[in-house]
Amino acid sequence: EAVVSTQSTGNNELTVTHKTNNLVKGMFQRLETMKKHAFGLMYVFGEPNDQVITGIWLGRGDKLFFNEDDNWTTDIVHYDTERLDMAKPENRALFEKWI
């Protein structure tokens with residue numbers, strides 16, 4: 001299993017909450033075919049004009065599963081991704097906080 005944390009880049013474009021939420025909804029719609037391979041949670045944090053989208057994903061395999069299909073890379077290029085080492089207590093704590 002791979003556990004991946006994500007955080008949006010280009011946050012200066014995230015200015016209106018409902019538009020930011022629509023970006024997340026659109027991403028999940030485009031990732032519909034991923035549902036047999038991964039599960040993710042995404043949240044919008046912050047105030048208008050100072051927002052960030054962050055999330056955590058659990059997926060099959062030991063690779064970054066977003067790269068397994070060209071359709072899954074559409075949105076993820078706008079996020080910094082980090083594979084979490086679950087042997088590290090701080091990463092396990094982050095995962096448990098999210099889940």
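Shown above is the structure to which this text applies.
Summary of the structure given here. The model shown is predicted, which means the values in this text are computed figures rather than measured ones.

Before going further, it helps to examine unusual backbone geometry. Backbone geometry at asparagine 49 places phi at a positive 70 degrees, although glycine is not the residue there. Locating asparagine 49 in the fold gives a position in the loop between strand E2 (38-47) and strand E3 (50-59).

In this section: helix H1 (residues 17-30). With 14 residues, H1 extends 20 Å between its outermost C-alpha atoms, agreeing within 8% with the 20 Å of an ideal straight helix rising 1.5 Å per residue. In this fold, the buried residues of H1 make contact with E2, E3, helix H2 (73-76) and strand E4 (79-84).

A volume near 220 Å³ is recorded for the largest pocket. Taken together, Ser8, Thr9, Gly10, Glu13, Leu14, Leu23, Met27, Arg30, Ile53, Asp75, His78 and Tyr79 make up the lining of the largest pocket. If one sorts the elements of the lining of the largest pocket by residue count, H1 sits on top with three residues. Classifying every residue of the lining of the largest pocket gives five nonpolar, four polar and three charged.

Okay, the sheet that holds E3 next. Spatial strand order, E2-E3-E1-E4: four strands in an open sheet with antiparallel pairing. Single-partner strands in this sheet number two, and they are E2 and E4. Averaged over all neighbouring strand pairs, the angle between strand axes comes to 15 degrees, with direction disregarded. Pairing analysis gives six bridges linking strand E1 (residues 2-8) to E3, with the strands arranged antiparallel. The residue of E3 that forms the bridge with valine 3 is leucine 58. Contacts from H1 reach E2, E3 and E4 within the one sheet, and its direction differs from that of E2 by about 170 degrees.

Analysis parameters
- Residues numbered from 1 in each chain as written.
- Predicted model: local features only at pLDDT ≥ 70, side-chain atom pairs only at ≥ 80, totals over all residues.
- Heavy atoms only, no water.
- Helix = DSSP H or I, 4+ residues; strand = E, 2+ residues; numbered from the N terminus.
- Expected span 1.5 Å × (residues − 1).
- Contact = heavy atoms within 4.5 Å.
- 1 Å grid on protein atoms, 1.4 Å probe; cavity = no way out; pocket = protein on both sides within 12 Å on 5 of 7 lines; lining within 4 Å.
- Points joined across faces, edges and corners; volume = space filled by probe spheres on them.
- Nonpolar A, V, L, I, M, F, W, Y, C, P; charged D, E, K, R; others polar.
- Pairing = 2+ DSSP bridges.
- Axes fitted to C-alpha atoms, helices over the stretch in contact; angles between N-to-C directions.

Shape is all these values report; function is a separate question.
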